[in-house]
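What the coordinates show
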Protein chains: 2
Amino acid sequence: MSDSKKKLLDCVNYPSDIKNMSYEELDVLSEEIRELLIDTISKNGGHLASNLGVVELTIAMHKVFDTPKDQFVFDVGHQSYTHKILTGRKDRFSTIRQENGLSGYPKQAESEHDAFVAGHSSTSISVANGIAKAKSMLKDDGHVVAVIGDGALTGGLAYEGMNNAGRSGDRLIVILNDNEMSISKNVGGLAKYLSKIRSNPKYFRLKNNLEHFLRKIPLVGKGACRFLRHTKEIIKSAIYHTTFFEEFGFVYIGPVDGHDIQQLVRALRRAKRINKPVMVHVETTKGKGYEYAEKRPTEYHGVPKFDIDTGNPDVSSTDSFSSVFGDTLCELAQVDDRICAITAAMGEGTGLKNYAKAFKKRYFDVGIAEAHATAFAAGLASKGALPVFAVYSSFLQRAYDQLIHDCAIESEHVVFAIDRAGIVGDDGETHQGLFDVPFLSTVPGMTVYSPGNYDELKIALKKCLYVEKGPCALRYPRGSQPHYPTGFETNPSDEYTLVAENESDILLVTYGRIYTEAAEAVQKLRQEGKDVHLLKLNKILPLSSEVIDIVSGYNTVMFAEESYKTGSLSQIMADILLERGYNGRYISRTINGFVKQATVKSAIKTVGLDSTSIKNWIEINNFTEE
Amino acid sequence: MSDSKKKLLDCVNYPSDIKNMSYEELDVLSEEIRELLIDTISKNGGHLASNLGVVELTIAMHKVFDTPKDQFVFDVGHQSYTHKILTGRKDRFSTIRQENGLSGYPKQAESEHDAFVAGHSSTSISVANGIAKAKSMLKDDGHVVAVIGDGALTGGLAYEGMNNAGRSGDRLIVILNDNEMSISKNVGGLAKYLSKIRSNPKYFRLKNNLEHFLRKIPLVGKGACRFLRHTKEIIKSAIYHTTFFEEFGFVYIGPVDGHDIQQLVRALRRAKRINKPVMVHVETTKGKGYEYAEKRPTEYHGVPKFDIDTGNPDVSSTDSFSSVFGDTLCELAQVDDRICAITAAMGEGTGLKNYAKAFKKRYFDVGIAEAHATAFAAGLASKGALPVFAVYSSFLQRAYDQLIHDCAIESEHVVFAIDRAGIVGDDGETHQGLFDVPFLSTVPGMTVYSPGNYDELKIALKKCLYVEKGPCALRYPRGSQPHYPTGFETNPSDEYTLVAENESDILLVTYGRIYTEAAEAVQKLRQEGKDVHLLKLNKILPLSSEVIDIVSGYNTVMFAEESYKTGSLSQIMADILLERGYNGRYISRTINGFVKQATVKSAIKTVGLDSTSIKNWIEINNFTEE
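Computed from a predicted structure; not experimentally measured.

What counts as what
Residues numbered from 1 in each chain as written. Chains lettered and ligands numbered in written order. Predicted model: local features only at pLDDT ≥ 70, side-chain atom pairs only at ≥ 80, totals over all residues. Heavy atoms only, no water. Domains from an automatic or database assignment. Contact = heavy atoms within 4.5 Å. Buried area = accessible area lost by both parts, 1.4 Å probe. Salt bridge = Lys/Arg side-chain N within 4 Å of Asp/Glu carboxyl O. Polar contact = N/O pair within 3.5 Å; in protein donor to acceptor, adjacent residues only side chain to side chain. Nonpolar A, V, L, I, M, F, W, Y, C, P; charged D, E, K, R; others polar. Core = buried A, V, L, I, M, F, W, Y, C linked by side-chain atoms within 4.5 Å. Buried < 20%, exposed > 50% of the residue type's maximum accessible area, 1.4 Å probe, protein only. Pairing = 2+ DSSP bridges. Helix = DSSP H or I, 4+ residues; strand = E, 2+ residues; numbered from the N terminus. Axes fitted to C-alpha atoms, helices over the stretch in contact; angles between N-to-C directions. Phe/Tyr/Trp six-rings, centres within 6.5 Å; stacked < 30°, edge-to-face > 60°. Lys NZ or Arg CZ within 6 Å of the ring centre and 35° of its normal. 1 Å grid on protein atoms, 1.4 Å probe; cavity = no way out; pocket = protein on both sides within 12 Å on 5 of 7 lines; lining within 4 Å. Points joined across faces, edges and corners; volume = space filled by probe spheres on them.

**Concerning the domain arrangement of chain A**
All names here are of chain A.
- By domain assignment, chain A separates into domain 1 (3–200 + 240–303), domain 2 (321–475) and domain 3 (496–622).
- Taking the mean C-alpha position of each, domain 1 and domain 3 sit 45 Å from one another.
- In this assembly, eight residues from domain 1 lie in contact with four residues from domain 3.
- Between domain 1 and domain 3 lies a buried interface of about 320 Å² when both sides are counted; carbon and sulfur atoms form 30% of it.
- In terms of surface lost to domain 3, no three residues of domain 1 exceed Arg97, Glu99 and Ser103, which account for 83% of the buried area on that side.
- Our enumeration of links across domain 1 and domain 3 arrives at zero salt bridges.
- Counting every contact that joins domain 1 to domain 3 gives four residue pairs in polar contact (both at pLDDT 80 or more).
- Residues that form the side of domain 1 that touches domain 3 fall into these classes: one nonpolar, five polar and two charged.

**Some thoughts on the nonpolar core**
- Counting 298 residues, the largest nonpolar core has Tyr355(A), Leu508(A), Tyr355(B) and Leu508(B) as its most contacted members.
- Apart from the residues lying within four places of it in its own chain, the contact partners of Tyr355(A) are Leu329(A), Cys330(A), Ala333(A), Ile339(A), Cys340(A), Ala341(A), Arg362(A) and Tyr363(A).

**Things to note about the sheet that holds strand E3 (residues 172–178) of chain B**
Residue and element names in this part refer to chain B.
- Here five strands make up an open sheet; going across it, the order is E1-E2-E3-E5-E4 and the pairing parallel. Edge positions in the open sheet fall to strand E1 (71–74) and strand E4 (251–257), since each of these has one partner strand only. On average, adjacent strands in this sheet sit at an angle of 20° to one another, irrespective of strand direction.
- Contacts from helix H6 (residues 156–168) reach strand E2 (144–149), E3 and strand E5 (277–283) within the one sheet, and its direction differs from that of E5 by about 130°.

**Some details on the packing of aromatic side chains**
- For the coordinates displayed, the defined rule picks out 42 aromatic pairs over all chains.
- Residues Tyr290(A) and Tyr292(A) carry aromatic rings whose centres are separated by 5.4 Å and whose planes lie at 65° to one another, so their mutual orientation is edge-to-face.
- Taken together, the ring pairs in this structure connect Tyr159(A), Phe248(A), Tyr159(B) and Phe248(B) into an aromatic cluster.
- A cation sits over an aromatic face here: Lys536(B) above Tyr515(B), 5.8 Å from the ring centre.

**Examining empty space enclosed by the protein**
- Using the criterion set out here, one finds eight cavities of 30 Å³ or more in the structure.
- The calculated volume of the largest cavity comes to roughly 250 Å³.
- Residue lining of the largest cavity: 18 residues in total, with Glu160(A), Ala371(A), Arg398(A), Ala371(B) and Arg398(B) positioned closest to the centre.
- Elements with a minimum of two residues in the lining of the largest cavity: helix H6 (156–168) and helix H15 (370–382) of chain A together with H6 and helix H15 (370–382) of chain B.
- Across the lining of the largest cavity, the residue classes break down as six nonpolar, six polar and six charged.

**As for the sheet that holds strand E6 (residues 339–343) of chain B**
All names here are of chain B.
- With mixed pairing, seven strands are arranged side by side in an open sheet as E7-E6-E8-E9-E11-E10-E15. Of all strands in the sheet, those bounded by a partner on one side alone are strand E7 (363–365) and strand E15 (539–541). The average angle at which neighbouring strand axes cross in this sheet is 25°, direction not considered.
- Pairing analysis gives five bridges linking E6 to strand E8 (residues 386–392), with the strands arranged parallel. Within the sheet, the bridge partner assigned to Cys340 lies in E8 and is Pro387.
- Relative to E8, H15 is tilted by about 165°, and along the sheet it contacts E6, E7, E8 and strand E9 (415–419).
- The sheet contacts of helix H19 (residues 454–466) involve E6, E8, E9, strand E10 (447–449) and strand E11 (472–475), and relative to E11 the element is tilted by about 170°.

Here it is, written out as structure tokens:
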């Protein structure tokens, strides 16, 4: 990177700075932005491939439209880095995804140039539909542009959005960022269809000529006449039918080369002039401009820090709860061919990479479609298959109705392997897994395990498959296992573990990842001669009467839990205790709102669930004078 | 109805009984089944129009397929009456939708001929996809047939299902029951598309001839040649493109006349022979054979008892929480043009009929698409509009992620008017509104009102629109308001009402519909000189410290709540009380599982929330000797 000579990017801080640049200059700017992206993401980690793919597109958008008057709604939002660089946040860009830094996603709170929050997939068309409708209601003549990847189109919400936005009649532009990928390789009928358009743009150009041509066909002769009449009819149908998107009421423009700014600007200007919903189909290359990312876009979708020259992002270098889950499922599937695994476009993230290779016919990547995955699993279960749906905690929120309606009512035996349960770190609010215990607990008959290390996870998976009935889940955090301090080891097959060395009338209750923090806290307290008993839950739902009996025996119960407060296990336990007439002290520490981006370690500290905070919390409540 | 002469239906109990009937006999049978449907539903109420529409289709299905080996998955399931009559349940058909009677929906628990539970829309393709996959995994050569209405196709889950089932390669038949209606008139791009097919079936027949014809076109001559080459290309595209469904990987058959059994049987036999996913497009008339229902299918979708001759179903004869909500919204919209109303195909049910007429441009029926409705509303709110999404409690479950992701994270001011909150009666498990308090309470920053009568509803709506910030909801039951006994009236604008006549250290807490039952119980107790104070909550979330202070002052707190137990308000209150060191008695009565069909009155009695049960409950816990 030539830091010596002055860069164009140095004089670019706001969209206004690029309006008058020549296309040659904009191409140079694109390369400079790419350098900045690669450089920054190599240090901070982040969504590399998706951002490298939309540099030219974002520049073209800002050349044609004027934010914040015009509004961009980025689907998922992980591709908004260039947008941030061009809208007054270049100087803080080095802080992206870091504590107190820029978010890796759009946030209204962060900038007036960010129209709407994102993080989850497939919401942008619906949101843009709402914004466009409000604009037309409130007589605001600004434009609304949604940017959605082809992968996000596998989500039913995107389809609901198209179905409604298309017929809204409002001025609305949807840019389909088609990179033939969602997070992993894209799937489904729509994907096939898009590649068909890509492979045959000629057909769409042809249409226009033909429409003109047809008006002139003379209908004379006999057989010829009949043939032509047929033909004309068919051609009309062909023209009438045209693209999937036009069926929904969109004017279709494309496909456009997503790395040719001039072509993009032309297409966007044309779209801007049309006073109804428009779909601009843009073809981009994920990872564009960084060879390693172009070659392995999936690995480079979201990456930790990596070395620019070797391009080694060091992904899956260490084992993790995800990989241990995947390996265990492989072992089990080897001997039980009823087992099948389902993922919603998160095969890699959920550790199913090897399983997918080994059990092609029993591996189902349904695209970004969690509700379908759950209903599909329920159907499989109803016929005696053993479906395991591996899904991130925050994404399972999208299948809440299917949990109740399709799994719980007739008690279908579906296993949910819930990854990224609890705090996930630098992705921030949209991705934190803080709600799974609260919403799973409202599903009648749902069993939940929350293993704290690999051995507990392995056994919990087996129990969910072979011991438990009906819908059941095992939830585990992002990353690799912590190590239990000596004296705090558990028997991984036990539903709970009580660590009680000396006498104490204080009980600390916890589960999952926080157990290690709690154990360290208790260990330190012991060293200071302050005795506290520690109850670690492994099977957390339903709460057994055995556990309640133990807890009831203490004068002071303190519950440390990595979950949103309302609906938390500590709340459920409090209710049971109070109704049973427990009249000791009950003190809980949970999470009482959305958690901002930070490293997992730091975020856990911020919510007071690290060992030091837990120790202080126990001391203040039990071992302070007066 | 000629009950005198012997009927064909008398000798029909199982599918085997119709296999050898002639088409003439089957037509007669259809009419007899229609009589039975109209007769029974006129007595029990139920889904009339949808069932009258599929009599011939269901007969054809049972003639061609063999349940339970072959499996039918009915979407929503309210159209399964004929199926029930033909599968061993004719004799109990008079009990449909009654307590301990047949369910109005398919239930595996009810019959081996019911493949899967239904009640909510758009799940059938996903479920059938799962069943078909299990069959191919487990080497079961039975067929799977999903029956889905065009209305259900407006739900994103159906699209996710098509996108995956289409490419599964499994043998799977989806019957599209196209009646140009969902529950109310159908909406969206897809609806337009379907009507296009209907209007032009010729095109699809033409295709086959042409494919053959094309192979023979000689490419000679000059202009002609060029023209023909173009033409041929276009025609190929036309043929290649063909229908929406083929894009998803389905073989398309149709459209077929849904009231011509012979045509239906032919189409289904053809579909049965194809070893991949097939979409059979069937056109039916909702309400077929009953003049009143054909003319006003929406009113006859789900009806109470009605008079067969006048056809008067007496819908909306009395006012209801729904109608009062609708009228109040009309008044407010009159003076505030930022207000807009959203419904997910439930305009009538949610009381928006008049609003829809009066405010066409600010009324949005998005189809059966609750997730879209919520994200759309969030988009509207972000621009300063005042969106009100009127939705049934059990259907809002489908938008859980949008509540958190699109409404809560950036605190968009969306108002949710949650109808059918609590027990709904004869629709049973799938439709009970028992989970909204549990799942709404897990959404950070969500405000919830639970009015108990019309006046409270009116003011709650105004407060949600003009006083509260961020996402907020008002929830109210099905049906009309109860009347508060004298001495138990409330000031509808108060957040809570404490009824305390004489001294008492017993407090009964409740909210919503149950308040009236509780008041009657307390009234009776008073007459027996047993004093109990009564706290009625109006704003239930968040729980105010004021309320907690009041509750803390009693030695005995009893909480009667029409909600699923886990996540209930009584549980939230118990947690707060226990952590505040409350050491009195706390006894709650909530609902601890799914609630079966019965009248609302009877179901409330069954769960012990009627006045008599509440009175006994209080007495047993407080006023019994020893």
